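Examination of the molecular architecture
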Amino acid sequence: MRSVFRKLLAHPKTSLRRKVMFLVIGLTAMALVLGATAFLTFEDFVSRKADARALSSLAEIISVNVALPVTFDDAGASVEVLKGLKAHGHITEARVYNATGALLTSYPALAAAPSRIRVGQEDRVWFEAGRIRASKRIYTPEGRIVGSLFLEMDQADRGKKMAFTTLFLVAVLTLVGLPVWFLGRRWAHVITAPVRDLADVAFAVSQTADFSLRAREVPSKDELAVLVRAFNGMLARIQEQDERLEDHRWQLEGQVAARTAELVSANNELLVAKERADVSNKAKSAFLANMSHELRTPLNAILLYSELIREESEEGGHEGILADIQRIETSGRHLLSLINDVLDLSKIEAGKMTLNRDSIDILPLIEDVIGTVGPLAAQNGNTLELEAAPALGTMVSDATKVRQSLFNLLSNACKFTQHGRITVRAFLARTERPEEEWLHIAVEDTGIGISPEQQTRIFHEFIQAQESTTRQYGGTGLGLALSRRFCQLLGGDIRLHSALGQGSVFTMVLPLTLQEPAPELPPPEKVPSSPGQGPILLVDDDPFLLNALSRLLALDGHQVAVAHDGIEGLRLASELRPGLILLDVMMPQVDGWTVLKALKADPDLEGIPVVMLTILEEAEKGLALGAADYLFKPIDRVRLSEALKRFRLDHPLGRVLVVDDDVESQQLLRRSLLAEGWDSWPALDGRAALDQLRQEKPRLILLDLLMPGMDGFSFLAEKQQNPDWAAIPVIVVTARDLSAKEREQLRQAQVAAVLQKGMYTKIELVEEVRRAVNRGLAGNRKGAHP
Amino acid sequence: MTTLLLVEDNEMNRDAISRLLERRGFTVIMAEDGEEGVRACKERLPDLVLMDLGLPGMDGFEATRRIKADPATARIPVVALTARVLTSDQEAAFAAGCDDYDTKPADLARLVGKIRALLEGKEGR
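Residues numbered from 1 in each chain as written. Chains lettered and ligands numbered in written order. Predicted model: local features only at pLDDT ≥ 70, side-chain atom pairs only at ≥ 80, totals over all residues. Heavy atoms only, no water.

Re the sheet that holds strand β20 (residues 700-703) of chain A
Residue and element names in this part refer to chain A. An order of β19-β18-β20-β21-β22 is seen for the 5 strands of this open sheet, with the pairing classed as parallel. The open sheet terminates on both sides in strands that have one partner only, identified here as β19 (679-683) and β22 (751-756). The average angle at which neighbouring strand axes cross in this sheet is 20°, direction not considered. Inspection of the sheet shows β20 paired to strand β21 (residues 730-734) by 3 bridges, in the parallel sense. Across the sheet, the residue bridging to I701 is V730, located in β21. Contacts from helix α19 (residues 712-721) reach β20, β21 and β22 within the one sheet, and its direction differs from that of β20 by about 155°. (Pairing = 2+ DSSP bridges. Helix = DSSP H or I, 4+ residues; strand = E, 2+ residues; numbered from the N terminus. Axes fitted to C-alpha atoms, helices over the stretch in contact; angles between N-to-C directions. Contact = heavy atoms within 4.5 Å.)

Structural data, given as structure tokens:
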């Protein structure tokens, strides 16, 4: 019983309502059954008590009546008395014993009974074998015991009475139970309905994350009402937080958009700055080249005349001035070498340094340089040694630059070493790449050494290890920088190992074969296909500009492909068939003009419009070569979009009219759209929107409903009446809870979707926009071809 | 007696170079620009021409081209002298027909070396 009870209550499928019903009915029934049982028991007890008392008093009466006959042992008289018992239907047996305990008489006469008993027992009444028995002593009026009486009474009535009572109780139970059941069913609602409602709402919230739902309030103060109220309060708080979060998110998105815009503009500024720096760097190089030329002419005269004077004074015996003239000449040559260094550096910076590919006998070249430096070494009392590995063989490189680099290293070593030893070690090793041997020329000196801190600066132009060294040792500090640049141009480098006071080792590391210059422009592949509506192809060697520009274009919804040089640009042009090419003029190896010529020479590609990007005002040249347009760097976003517009590449997705009186939400919508490539323009109410429609047909309208002036409903009504406008899809964005009637109104106005303000995500918005436009397109097509 | 034609517009350079070369036993005749240089070359038929490239009017490239185009003077070696040291100049000089090239300010020993080498080559031929 208990387990059934428990099973029923704990069964997972038993509803709360059933449980409550079960509890109410079950407990009521139990109480009634228990009560009835108790009542029956009590009833039984009382009736037995009454029977016993009745029997006892009957025995009393009979005992008085039989006292006389018993005294005289008169059986006949006592029989008469006992016969009176017939009136008592329930007396089943009666016996009278005399003083000796012998049975005097009995009723009914035939009863088989003990013929003798022990007289003088106490008077008592007892139950035995479903009957009530009583024994009673018989007294004479004087109080002498003369015999005893035994009576027995059946209880046939009792069973009947019990059955009747039980029946009655069952009837009562049924009569009471039915209304209890009925009322229980009805009143269980009081408890279960709010709980069920709560459960339904909680489930709905968990499924839809719609925190605007509320459980029905219970008009009472019980725990359920408290629960419902607490739950609703919780929902309200979540909703509020959700809204705040959503607000915050939108705000953040706005901020991100603003930041992005800032970044883009900062990028642009950086581009401008970089271009300026490039321009000024090139100007500097040009200036240096010119200056060195201008300096050379007078220097030429100085050198020539000092040589002339030297020769003439040698002959004319003017030895006195010979040393001075020697100094003029030495200084002149020094000045010349400095000018040459400056010129070389500026040539390297301008990218104009060309390399010869000479076949070099390595050992003779080194010996030759050592021979040249010999006098310099001797000046400071240094010894100069060469330790060359056998069979150094030949290399292919620029002999002048190898020679000059080694000369610079050696003359530096001589300059900074006093009475020491300078050792040149030359050997081949596979330190750079395992597959080939490189030439190493190490110049080791026992000089002043270079501290680690100085080592980081020493290869920079115009910097010497210490400023004081300039005064002490002379020189401009160009030699090392130039040597390293030379070695790098030759595909190698210069390494430095040194410590202060422990001498230095400068090692030139050069590949044995100078790499061939970059390959010639390959002929563009011919892929037969019509000039397509492909992406915009950006060709520029500046990764920074590529990045900034491609993001700018992508932001406007354009597909962008990028090429980092002219060759890649040509390859992509024939592969992708771009709708437009933005082409940089100044690129290494293959410049923009060459690319432009190649494009225009290819019948498959010549149709693609090309916009040249240039800092030089060479627009004429570009247009003559077939460029469609040109943009000056730094690229102005407005000019760019104007140019794109000319090639019908502006806003490929179309424009959206945003009708909302709330400027903030309007801007939010427009920013969201822009981020997905949708251009948009605003109108503040229905009237303004209609005016806008007359000027330009948008691809889509985003419409607020509640606006001052003409509201969204009136606008829709007007719009639908104009056959030109009826097909423009509309998405309603509203903060309002729409009634069924209003929804119907919107449905009839062909509204594509309704978005609840604050209830949709940006993605949903864009998705709806896209869907609506696609549907609109499908609808238009159907209209065109019925 | 070896005669050299020095075509050079800068008066000081012309003076110093010619004097230095004369000291080394050459006869030096001079011209101040390209046109004069071409004319002098044709009239005097020097053994070798030292040609400054950056000349006013007709420049050294053009003058060299003309000298090399005239059968009468085509075999006279021309050594280009220039203050410009860009490789493109060097290449243009050879393209114009120069036989050798040296930068200013001239290292006299080196220049004379080049002159002698060219003259010997010519004699050898």
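Considerations on the pairing of strand β18 (residues 655-659) of chain A
Residue and element names in this part refer to chain A. Judged by how many residues are buried, β18 sits mostly within the fold: 4 of 5 residues are covered. Note that β18 and β19 share 5 bridges and pair parallel. Bridge pairing links V656 to S680 in β19. (Buried < 20%, exposed > 50% of the residue type's maximum accessible area, 1.4 Å probe, protein only.)

Observations concerning the sheet that holds strand β4 (residues 78-82) of chain B
Residues and elements named next belong to chain B. One open sheet holds the 5 strands; their spatial order is β2-β1-β3-β4-β5, and the pairing between them is parallel. At either margin of the open sheet sits one strand with a lone partner, and together these are β2 (27-31) and β5 (100-103). With direction set aside, neighbouring strand axes in the sheet form an average angle of 20°. Looking at chain direction, strand β1 (residues 3-7) and strand β3 (residues 48-52) are connected through 4 bridges and run parallel. Looking at β3, one finds that L6 is bridged to L50. Packing against the sheet, helix α2 (residues 34-44) makes contact with β1, β2 and β3, and its axis sits at approximately 165° to β1. Packing against the sheet, helix α3 (residues 60-69) makes contact with β3 and β4, and its axis sits at approximately 155° to β3.

Topic: the environment of L576 of chain A
Residue and element names in this part refer to chain A. Here L576 shows up in helix α13 (residues 566-576). With relative accessibility at 33%, the residue L576 sits in the partly exposed group. In this structure, the C-alpha to C-alpha distance between L576 and P535, residues 41 residues apart in sequence, is 7.4 Å.

A word on unusual backbone geometry
Apart from glycine, the bulk of residues carry a negative phi angle, and the bulk of peptide bonds sit in the trans form. In this structure, A391 of chain A is a non-glycine residue whose phi angle is positive, near 55°. Along the chain, the position of A391 of chain A falls in the loop between β7 (383-388) and β8 (394-397). Located in the positive-phi region is L45 of chain B, a residue other than glycine, with phi close to 45°. Take L45 of chain B: it is sitting in the loop between α2 and β3. The exposure class assigned to L45 of chain B is partly exposed, which follows from its relative accessible area of 47%.

A few points about a nonpolar patch on the surface
Judged by side-chain polarity, W181, F182, L183, W187, V190 and I191 of chain A come together as a nonpolar surface patch covering roughly 630 Å² of accessible area. Its location among the elements puts I191 of chain A in helix α4 (residues 156-208). (Patch = residues over 30% accessible without salt bridge, like charges linked within 9 Å, V, L, I, M, F, W, Y side chains within 5 Å. Areas by Shrake-Rupley, 256 points an atom, 1.4 Å probe, with all protein chains shown as cover. Salt bridge = Lys/Arg side-chain N within 4 Å of Asp/Glu carboxyl O.)

Focus on empty space enclosed by the protein
Residues and elements named next belong to chain A. Using the criterion set out here, one finds 3 cavities of 30 Å³ or more in the structure. A volume near 40 Å³ is recorded for the largest cavity. Lining the largest cavity we find E43, D44, S47, R158, K161, M162 and T165. Contributing elements (two or more residues each) for the lining of the largest cavity: α2 (16-71) and α4. Ranked by the residues each element gives to the lining of the largest cavity, the list is headed by α4, at 4 residues. When its residues are assigned to classes, the lining of the largest cavity shows 1 nonpolar, 2 polar and 4 charged. (1 Å grid on protein atoms, 1.4 Å probe; cavity = no way out; pocket = protein on both sides within 12 Å on 5 of 7 lines; lining within 4 Å. Points joined across faces, edges and corners; volume = space filled by probe spheres on them. Nonpolar A, V, L, I, M, F, W, Y, C, P; charged D, E, K, R; others polar.)

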